[in-house]
Amino acid sequence: QVQLVESGGGMVQFGGSLRLSCGTSGFTFTNTHMSWVRQAPGKGLEWVCTIWSDGSSTYYTESVKGRFTISRDNARNTLDLQLKSLNFEDTAVYYCATGGNPSLGYWGQGTRVTVSS
C-alpha cells in the first residue's frame, strides 16, 4: 500500500520560514516524479511544484518561485519543501503527491501551514 506522510507544518509569522517533509513507502520512489500541492481555506487545490524522479529538474507555480524549494533524497525515500518569505497567501494545507502536474496520483494526509501577523 502506498503511504505518504507529511510533517513539519505549523504557525509562522509573516516573512518567516518553514520546512516540510514527506516520508514515503509502498512504491518505487526513485522512479516516481513527486509534487507538492496545497489547499487554502475555502479554496480549491493548487499545484505548487514538481521534482523529477532523479532530481534533475524542478518546476514551480509563479507565486512561489524564488521563495520555495522542492528537494528529494532518493536514498531515504523522502521529499522536502523549504518555504521562505512566507506571506498570508501561503496559508494552506500542504500535501505531497506522486507524479507531476497534471498527472498526480496518490496523496498524503496533509500538513497545515498558517502564516500569522
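As the structure is a prediction and not an experimental result, all values here were calculated from the model.

Section: the state of the cysteines
Here is step 1 of the chain: Scanning all chains against the criterion turns up one disulfide.
Here is step 2 of the chain: The partner cysteine of Cys22 in its disulfide is Cys96, sulfur to sulfur 2.0 Å. Across the S-S bond linking Cys22 and Cys96, the dihedral sits near 45 degrees, which makes this disulfide right-handed. Here the residue Cys22 occupies a position in strand β3 (residues 18-25), and Cys96 occupies one in strand β9 (residues 92-100), the gap between them amounting to 74 residues. Neither residue differs from the other here; Cys22 and Cys96 are each classed as buried.
Here is step 3 of the chain: Here Cys49 is not disulfide-linked; the sulfur of Cys96 is the nearest cysteine sulfur, at 11 Å.
Here is step 4 of the chain: Exposure remark for Cys49: the relative accessible area of 0% places this residue in the buried category.

Quick look at the environment of Lys65
Here is step 1 of the chain: Structurally, Lys65 can be placed in the loop between β6 (58-60) and β7 (68-73).
Here is step 2 of the chain: In terms of polar contacts, Lys65 uses its side chain to reach the side chain of Glu62, at 3.1 Å.

Considering the side chain of Asp90
Here is step 1 of the chain: Inspection of the secondary structure assignment puts Asp90 in the loop between β8 (78-83) and β9.
Here is step 2 of the chain: A polar contact is formed between the side chain of Asp90 and the backbone nitrogen of Asn87, at a distance of 2.9 Å.

Some words on the pattern of salt bridges
Here is step 1 of the chain: Counting across every chain of the model gives six salt bridges.
Here is step 2 of the chain: Here Lys65 ties to Glu62 by a salt bridge, and the two come within 3.1 Å at their closest N and O atoms.
Here is step 3 of the chain: Its relative accessible area of 60% is what places Glu62 among the exposed residues.
Here is step 4 of the chain: Residue Asp73 is joined to Arg76 by a salt bridge in which the shortest nitrogen-to-oxygen separation is 3.5 Å.
Here is step 5 of the chain: Residue Arg76 is classed as exposed on the basis of its relative accessible area, which comes to 64%.
Here is step 6 of the chain: Each of Arg38, Glu46, Arg67 and Asp90 takes part in a single network of salt bridges with overlapping partners.

Notes on the nonpolar core
Inside soluble globular proteins, nonpolar side chains tend to come together where they are buried.
Here is step 1 of the chain: Of all hydrophobic cores here, the largest spans 24 residues; its most connected members are Leu20, Trp36, Phe68, Ile70, Leu79, Leu81 and Tyr94.
Here is step 2 of the chain: Ignoring any residue separated from it by four or fewer positions in sequence, one finds Leu79 in contact with Leu20, Ser21, Cys22, Phe29, Met34, Ser35, Trp36, Ile51, Ile70, Ser71, Arg72 and Cys96.

Digging into the pairing of strand β11 (residues 111-116)
Here is step 1 of the chain: Of the two faces of β11, the one lined by Thr111, Val113 and Val115 is fully buried and the one lined by Arg112, Thr114 and Ser116 carries no buried residue.
Here is step 2 of the chain: Pairing of strand β2 (residues 10-13) with β11 involves four bridges; the strand directions are parallel. When the sheet's bridge partners are listed, Val12 is paired in β11 with Val115.
Here is step 3 of the chain: Bridge count between β9 and β11: three bridges; the pairing is antiparallel. The residue bridging Tyr94 from the neighbouring strand is Thr111, located in β11.

Cut-offs applied
Residues numbered from 1 in each chain as written. Predicted model: local features only at pLDDT ≥ 70, side-chain atom pairs only at ≥ 80, totals over all residues. Heavy atoms only, no water. Disulfide = S-S within 2.5 Å. Helix = DSSP H or I, 4+ residues; strand = E, 2+ residues; numbered from the N terminus. Buried < 20%, exposed > 50% of the residue type's maximum accessible area, 1.4 Å probe, protein only. Polar contact = N/O pair within 3.5 Å; in protein donor to acceptor, adjacent residues only side chain to side chain. Salt bridge = Lys/Arg side-chain N within 4 Å of Asp/Glu carboxyl O. Core = buried A, V, L, I, M, F, W, Y, C linked by side-chain atoms within 4.5 Å. Contact = heavy atoms within 4.5 Å. Pairing = 2+ DSSP bridges.

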